[in-house]
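Chains, contacts and geometry: an overview
Here are the chains, one letter per residue:
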Amino acid sequence: MKQCTVFNTRRETPTRGAMDSCGRCMKVSLVAINVVTFLSGLLAVAIGLWIWTSRSFSSTLMSNNMYIASVVVVVAMGAAIMLLSFLGCCGAAKEVKCMLLTYYILVFIIFVAMLVGGILLFVFREKVISTLDREMHASMPNYGVKHEYTRAWDDTQSHLQCCGVKSHNDWNGNVPESCCKEVYPGKRLDCRYSPNPTTMYMDGCLNKTIDLLREDAVYVGAVAIIVALVMVLALIFSCGLFVKIE
């Protein structure tokens, strides 16, 4: 009779970490979400580095450095999300409530930071654009005097195929060679003594730089929306799995 009681007691003891089918589904879903989160973070880092390398030629002309700061934030947030996805996978796979709680808190903090950053970027976007005219005009006297400004203007005018801030007249007759149209790499037409549409870039660099910034903002905004949606799912599944773990 005593042996039978012990046997029944052992059978009634629940297995540690056991959960129902709903909990197992949440576990698998959270692991899958974190794989997607890792890829989203990787995409954010890739977009940030691409903007940094392919658009850096114009950053010197923006003295407020908000352009560089925004790119750094994108890369840093992407790297943080990639690292966080490992914590979420480990917490889900091992069913450790402490790791899941830490993961939930960190995801929530990053989500709020992205939300606030997106709002601030939207609010101050037009302010940056409105000050760009003044900043570009202020940098023109440094052409030929400071190497970084000379290179920035030459690279900007060559890449964007433009001249001056609003037109070549902004150079007051001292038109840089980078305003002349390029026939082939290293060879340009002579446009400094007879400016005309056949030999010189006639469009100003201000509007083209603004278009470039807006294009970058579209890429960053698209990535931010994708990452935010994935993080909302991660918050939901991590909270559900936390409740389901015994």
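Named according to an unreviewed UniProt entry, the chain is Tetraspanin originating from Pieris brassicae. UniProt's Sequence similarities (unreviewed entry) comment on the chain is quoted here verbatim: "Belongs to the tetraspanin (TM4SF) family."

1. Quick look at the UniProt feature "transmembrane region" (unreviewed entry) in the chain
The sites that carry the UniProt feature "transmembrane region" (unreviewed entry) are, in the present numbering, residues 28-52, 67-89, 101-124 and 217-243. Secondary structure across residues 28-52 comprises 100% helix and 0% strand; the distance between its end C-alpha atoms is 36 Å. Helix makes up 100% of residues 217-243 and strand 0%, whereas the separation of the span's terminal C-alpha atoms amounts to 39 Å.

2. Some points on the pattern of salt bridges
Taken as a whole, this structure holds three salt bridges when the rule is applied. For Arg151, the salt bridge is made with Asp155, and the minimal N-O distance between the two is 3.6 Å. Within this pair, Arg151 and its partner Asp155 are both found in helix α5 (residues 147-160), separated by four residues, close to a single helical turn. Among the ionic pairs, Lys208 bridges to Asp203, the shortest N-O distance being 3.9 Å.

3. Topic: the state of the cysteines
Per the counting criterion, the structure on display carries three disulfides. Disulfide pairing places Cys162 opposite Cys205 at an S-S distance of 2.0 Å. The S-S bond linking Cys162 to Cys205 shows a torsion near 95 degrees; that makes this disulfide right-handed. With a gap of 43 residues between them, Cys162 in the loop between α5 and β1 (182-184) and Cys205 in helix α6 (residues 205-244) connect regions that are remote in the sequence. When its relative accessible area of 0% is taken as the criterion, Cys162 is described as buried. A sulfur-sulfur distance of 2.0 Å marks the disulfide that ties Cys180 to Cys191. Measuring handedness by torsion sign, the sulfur bridge of Cys180 and Cys191 sits at about -85 degrees and is left-handed. Placement of the pair is Cys180 in the loop between α5 and β1 and Cys191 in the loop between β2 (187-188) and α6, with a sequence separation of eleven residues.

4. Observations concerning unusual backbone geometry
Within the chain, Gln161 stands out as a residue other than glycine whose phi angle is a positive 55 degrees. With respect to the helices and strands, Gln161 occurs in the loop between α5 and β1.

What counts and what doesn't
Residues numbered from 1 in each chain as written. Predicted model: local features only at pLDDT ≥ 70, side-chain atom pairs only at ≥ 80, totals over all residues. Heavy atoms only, no water. UniProt positions renumbered as here; feature names shortened; annotations may be inferred. Helix = DSSP H or I, 4+ residues; strand = E, 2+ residues; numbered from the N terminus. Salt bridge = Lys/Arg side-chain N within 4 Å of Asp/Glu carboxyl O. Disulfide = S-S within 2.5 Å. Buried < 20%, exposed > 50% of the residue type's maximum accessible area, 1.4 Å probe, protein only.

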